[in-house]
Amino acid sequence: MILDVKTIGAPVLRRKAAPITKADKTIRALAANMLETMHEEGGVGLAAPQIGQSIRLIVVEYPQDDTVEDSPLTTYKLINPEIVWKSETLVKGVEGCLSIPGVVGEVERAESIKVKAQGISGRKTEITASGWLARIFQHEIDHLDGICYIDRAEKVWELSQEEGSDSAEPGDDESVNSCKG
Ligand SMILES: [Zn+2]
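Since the structure is predicted, the reported quantities are computational estimates derived from the model, not experimental observations.

(A) Main features of the overall build of the protein chain. A tally of regular secondary structure across the protein chain gives three helices and nine strands. Taken along its principal axes, the extent of the C-alpha atoms in the protein chain is 50 × 30 × 30 Å. Here the protein chain holds 181 residues, and 35% of them are scored as buried.

(B) Spotlight on the pairing of strand β5 (residues 100-110). Note that strand β4 (residues 90-97) and β5 share eight bridges and pair antiparallel. Residue Cys97 lies in a different strand from β5, and its bridge partner there is Ile100. Between β4 and β5, which follow one another and run antiparallel, lie two residues.

(C) Representation of the confidence of the model for the protein chain in the model. On average, residues of the protein chain carry a pLDDT of 91, and 90% of them reach 70 or more. Every residue in residues 167-176 scores below 50 in pLDDT, and together they form nine contacts with partners more than four places removed in sequence or on other chains.

(D) Up close: the sheet that holds strand β6 (residues 112-118). Taking strand neighbours across the sheet as the criterion, the five strands line up as β1-β2-β3-β6-β7 in an open arrangement whose pairing is antiparallel. Each edge of the open sheet carries a strand with a single partner, namely β1 (45-47) and β7 (124-130). If you compare each strand with its neighbour and ignore which way they point, the axes differ by 40° on average. Pairing geometry for strand β3 (residues 73-86) and β6, over five bridges, is antiparallel. Bridge pairing links Lys86 to Ile113 in β6.

(E) Spotlight on unusual backbone geometry. Residue Asp70 is not a glycine yet carries a positive backbone phi of 60°. Checked against the element boundaries, Asp70 lands in the loop between β2 (57-63) and β3.

(F) The arrangement of the environment of Glu158 in detail. Examined against the element boundaries, Glu158 turns out to sit in strand β8 (residues 155-158). Residue Glu158 is classed as exposed on the basis of its 10 C-beta neighbours within 10 Å. A sequence separation of 53 residues divides Glu158 from Gly105, and the C-alpha atoms of the two residues are 8.7 Å apart. Here Glu158 is in contact with Gly102 and Val103, once residues within four sequence places are set aside.

(G) Here's a closer look at the nonpolar core. Counting 38 residues, the largest nonpolar core has Met34, Ile58, Val59, Val60 and Phe137 as the members making the most contacts within it. Breaking this core down by element, the ones donating at least two residues are α1 (25-41), β1, β2, β3, β6 and α2 (131-144). Broken down by element, the residue count for this core peaks at six residues, all from α2. Contacts of Phe137, omitting those with residues within four sequence positions, involve Val60, Ile113, Val115 and Ala129.

(H) Quick peek at the pairing of β2. Summarising burial for β2: five of the seven residues are buried, a large majority. Pairing geometry for β1 and β2, over three bridges, is antiparallel. Directly across from Ala47, in β2, lies its bridge partner Ile58. Pairing of β2 with β3, which is carried by seven bridges, proceeds in the antiparallel orientation. Its bridge partner being in β3, Ile58 is matched across the sheet by Leu78.

What counts as what
- Residues numbered from 1 in each chain as written.
- Predicted model: local features only at pLDDT ≥ 70, side-chain atom pairs only at ≥ 80, totals over all residues.
- Helix = DSSP H or I, 4+ residues; strand = E, 2+ residues; numbered from the N terminus.
- Buried ≥ 20, exposed ≤ 12 C-beta atoms within 10 Å, placed from the backbone.
- Pairing = 2+ DSSP bridges.
- pLDDT = per-residue confidence, 0-100.
- Contact = placed C-beta atoms within 7 Å.
- Axes fitted to C-alpha atoms, helices over the stretch in contact; angles between N-to-C directions.
- Core = buried A, V, L, I, M, F, W, Y, C linked by C-beta atoms within 7 Å.

Here you go:
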């Protein structure tokens, strides 16, 4: 089921989301619907507050190996995710957000992180991520604390129609990825 994505201005996006106490079938169904919604909207991640539920649940999907084309995707459905370690090395990257249509921004984030969470069945899991995957996790986990990337962005700019969602900064020669979550 495709869910309604809340956009900036909705109070739920600014609330600290509550921990999930039980990984039950309601949560599993919600995660499945969030994943479907994320696919529909062309995102790489989605946090429960973005669909109006103030609970600590995120979904993320990313290629297993982002250096090769058509690499199989890994899907993460995480309950109560928590960043327990961040690298001192910071990297800049361009982010977009399904809750903030039409703009992207450059955000500095930790290059690598370690996340502790529960999987969708409730089992404890630990994930070490770097690069874009680490960025997506940081973006989504921020949503659980009521933080949007524009709060952290050094600059934010509008996308023109032609550029669509895969845009780079106008006039920037380097190719810039953007991730939408
Ligand atoms: Zn977002």
